[in-house]
2 protein chains.
Amino acid sequence: MSKPLPLLTSTTPVERADAARNREALLHAANELIEGCSVEGVTMDAVAARAGVGKGTVFRRFGSREGLMASLLDHRETVWQAAVISGPPPLGPGAPPLDRLLSFGESRMLLHLEQAALIEAAGRTWGDNEAVRGFLNLHVRVLLAELGVEGDLTYLATALLAPLAVPVLRQQLHSGMTQEQMHAGWAELVRRVVGPAPA
Amino acid sequence: MSKPLPLLTSTTPVERADAARNREALLHAANELIEGCSVEGVTMDAVAARAGVGKGTVFRRFGSREGLMASLLDHRETVWQAAVISGPPPLGPGAPPLDRLLSFGESRMLLHLEQAALIEAAGRTWGDNEAVRGFLNLHVRVLLAELGVEGDLTYLATALLAPLAVPVLRQQLHSGMTQEQMHAGWAELVRRVVGPAPA
């Protein structure tokens with residue numbers, strides 16, 4: 001996507017154009033720091049230095065390091081949701097619903113694994129993001145309905161999403177499970193929940 | 001059970017008999033305070049006053065209010081695990097495995113709902129309890145095997161346990177889901193994961 005629209009996760013009030021540019025530059029600098037070293041390396045000082053602004057500007061914009069991390073997550077979430085809504089299949093529209101669901105799970109798991117450190121650094125600011133949970137639940141519910149699954153689809157969607165949560169993924173990695181096993185396990189779970197195709 | 005043995009959750013080194021009695025008395029006082037009012041009412045002062053000891057004794061024994069909460073959870077967990085291992089069916093042994101699994105989920109969900117405030121007050125001390133996770137996963141895995149489920153039973157057990165986690169339950173309650181819907185939803189999930197009985 002060239003320019004994803006702000007979706008459900010946007011918590012930013014309307015900004016003046018220069019403030020928005022400033023904000024983008026700071027998020028860009030923070031992303032470069034993460035790619036260059038690690039989440040730990042993203043201090044308010046380092047972001048200010050890299051973006052060529054004063055440290056006070058970074059604090060005024062994001063409030064705290066946690067706030068900066070939450071903004072970074074918000075940005076990545078927006079890009080990811082845009083890929084689900086309007087990106088290429090099978091994550092985006094156009095593929096059969098089971099392929100979309102499996103692609104959704106694999107992609108979301110990868111996103112969470114990559115961002116586990118960021119999510120931890122963002123603390124509660126991120127964990128309580130109801131808008132994100134709402135988007136994920138709705139998407140899974142719609143695909144389950146397309147697959148002809150009957151019953152309490154809200155519950156089943158929550159149940160399919162629960163093992164993709166960052167703490168669960170971290171526990172699985174910690175206990176020696178590989179990412180391949182986690183992908184395969186989730187796919188097996190989905191196939192069991194979806195059941196055989198309706199006659 | 002009159003006197004459950006300390007099971008997998010015990011983190012207490014061997015205590016002298018008087019220290020153990022002292023500890024029991026303090027946990028008993030804390031439990032009475034919870035039943036009498038709420039988790040918020042359980043301060044170190046209140047526990048000391050109720051047990052008739054100095055506040056210093058409570059601090060020496062549990063380190064902090066979080067430590068006290070973790071000990072309370074530990075105690076309740078031990079009682080619950082004893083019920084799973086050797087209590088009456090269908091939670092305990094002697095019932096068909098599907099009945100045991102459904103009873104396990106319902107009972108665990110209730111325990112978590114009752115103890116959500118306690119678990120929050122205990123903070124990370126409790127959330128990271130690997131021994132409890134290990135016990136739960138093993139129990140579900142064994143029942144799935146008895147039911148003839150094939151595949152990655154460790155993953156499937158984790159997936160069945162994930163929607164019973166306290167944060168998920170809290171979100172469901174917050175979104176207006178009733179406890180009956182949560183029980184019925186989990187039972188539906190289990191039936192789908194277990195599939196039809198083997199021929």
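So, how was this worked out
- Residues numbered from 1 in each chain as written.
- Chains lettered and ligands numbered in written order.
- Predicted model: local features only at pLDDT ≥ 70, side-chain atom pairs only at ≥ 80, totals over all residues.
- Heavy atoms only, no water.
- Axes fitted to C-alpha atoms, helices over the stretch in contact; angles between N-to-C directions.
- Helix = DSSP H or I, 4+ residues; strand = E, 2+ residues; numbered from the N terminus.
- Left-handed = near helix turned anticlockwise from the far one by under 90°.
- Contact = heavy atoms within 4.5 Å.
- Nonpolar A, V, L, I, M, F, W, Y, C, P; charged D, E, K, R; others polar.
- Core = buried A, V, L, I, M, F, W, Y, C linked by side-chain atoms within 4.5 Å.
- Buried < 20%, exposed > 50% of the residue type's maximum accessible area, 1.4 Å probe, protein only.
- Arc of directions from axis to C-beta.
- Phe/Tyr/Trp six-rings, centres within 6.5 Å; stacked < 30°, edge-to-face > 60°.
- UniProt positions renumbered as here; feature names shortened; annotations may be inferred.
- Least-squares fit on C-alpha atoms with pLDDT ≥ 70 in both.
- Buried area = accessible area lost by both parts, 1.4 Å probe.
- Salt bridge = Lys/Arg side-chain N within 4 Å of Asp/Glu carboxyl O.

1. Let's talk about the packing of helix α8 (residues 153-161) of chain A against helix α10 (residues 179-194) of chain B
- Axis separation between α8 of chain A and α10 of chain B bottoms out at 9 Å; the angle between their running directions is 65 degrees. For the crossing formed where α8 of chain A meets α10 of chain B, the hand is right-handed. Here α8 of chain A contributes Y155, L156 and A159 of chain A to the contact with α10 of chain B, which in turn contributes Q181, M182, G185, W186, E188, L189 and R192 of chain B.
- Among the residues forming the contact of α8 of chain A with α10 of chain B, the class breakdown is six nonpolar, two polar and two charged.

2. A look at the nonpolar core
- Counting residues in each nonpolar core, the largest one holds 70 residues, and the members touching the most others are L101 and W186 of chain A together with L101 and W186 of chain B.
- Here L101 of chain A is in contact with V140, L143, L144, L147, W186, V190 and V194 of chain A, once residues within four sequence places are set aside.

3. Focus: helix α2 (residues 44-51) of chain A
Residue and element names in this part refer to chain A.
- Those residues of α2 lying buried are M44, V47 and A48. In a view along the axis of α2, the buried residues occupy a sector of 100 degrees, so they form one face of it.
- In the core, the buried residues of α2 are packed alongside α1 (17-36), α3 (55-62) and α4 (65-86).
- A positive phi of about 70 degrees marks G52, the residue just after α2.

4. Some details on the packing of aromatic side chains
- If you walk through the whole model with that rule in mind, you get four aromatic pairs over all chains.
- Here W80 of chain A and F135 of chain A contribute two aromatic rings whose centre-to-centre distance is 6.5 Å and whose plane-to-plane angle is 80 degrees, an arrangement assigned as edge-to-face. You can see W80 of chain A sitting in helix α4 and its partner F135 of chain A sitting in helix α7 (residues 130-146), a full 55 residues away along the chain. Each of the two residues, W80 of chain A as well as F135 of chain A, counts as buried.
- The interplanar angle of 55 degrees and the centroid separation of 5.7 Å between the aromatic rings of W80 of chain B and F104 of chain B together place this pair among those described as tilted. Note that W80 of chain B is positioned in helix α4 (residues 65-86) and F104 of chain B in helix α5 (residues 97-122), a separation of 24 residues in sequence.
- Its relative accessible area of 7% is what places W80 of chain B among the buried residues.
- The exposure class of F104 of chain B is buried, given its relative accessible area of 0%.

5. Examining the UniProt feature "DNA-binding region" (unreviewed entry) in chain A
- Taking the UniProt record as the reference, the feature "DNA-binding region" (unreviewed entry) is found at residues 43-62 of chain A.
- Along residues 43-62 of chain A one finds 80% helix and 0% strand; the C-alpha atoms at either end are 12 Å apart.

6. Focus on the relation of the copies chain B and chain A
- Laying chain B over chain A is done by rotating through 180 degrees and shifting 0.0 Å along the axis; what remains is an RMSD of 0.0 Å. The symmetry that links the two subunits is that of a two-fold axis. The position closest to the rotation axis in chain B is occupied by the C-alpha of A162 of chain B, lying 2.6 Å away.
- With an isologous cut-off of 70% or more, the 100% of interface residues of chain B that recur at the interface of chain A puts this contact in the isologous class.

7. Thoughts on the interface of chain B and chain A
- With 27 residues of chain B in contact, the opposing surface of chain A contributes 27 residues.
- Interface of chain B and chain A: buried area, both sides summed, is about 2200 Å²; carbon and sulfur atoms make up 62% of it.
- For the side of chain B that touches chain A, the elements supplying multiple residues, two or more each, are α7 (130-146), α8 (153-161), α9 (166-174) and α10 of chain B.
- Considering only residue class, the side of chain B that touches chain A consists of 14 nonpolar, seven polar and six charged.

8. What about the pattern of salt bridges?
- For the structure shown, the criterion picks out eight salt bridges over all chains.
- E188 of chain A is paired through a salt bridge with R192 of chain A; the nearest N and O atoms lie 2.7 Å apart. Of this pair, E188 of chain A and R192 of chain A both sit in helix α10 (residues 179-194), four residues apart, which is roughly one turn of the helix.
- Between D45 of chain B and K55 of chain B there is a salt bridge, with the nearest N and O atoms lying 3.5 Å from each other. Within this pair, whereas D45 of chain B is found in helix α2 (residues 44-51), its partner K55 of chain B is found in helix α3 (residues 55-62), the two being separated by ten residues in sequence.
- Since its relative accessible area comes to 38%, K55 of chain B is described here as partly exposed.

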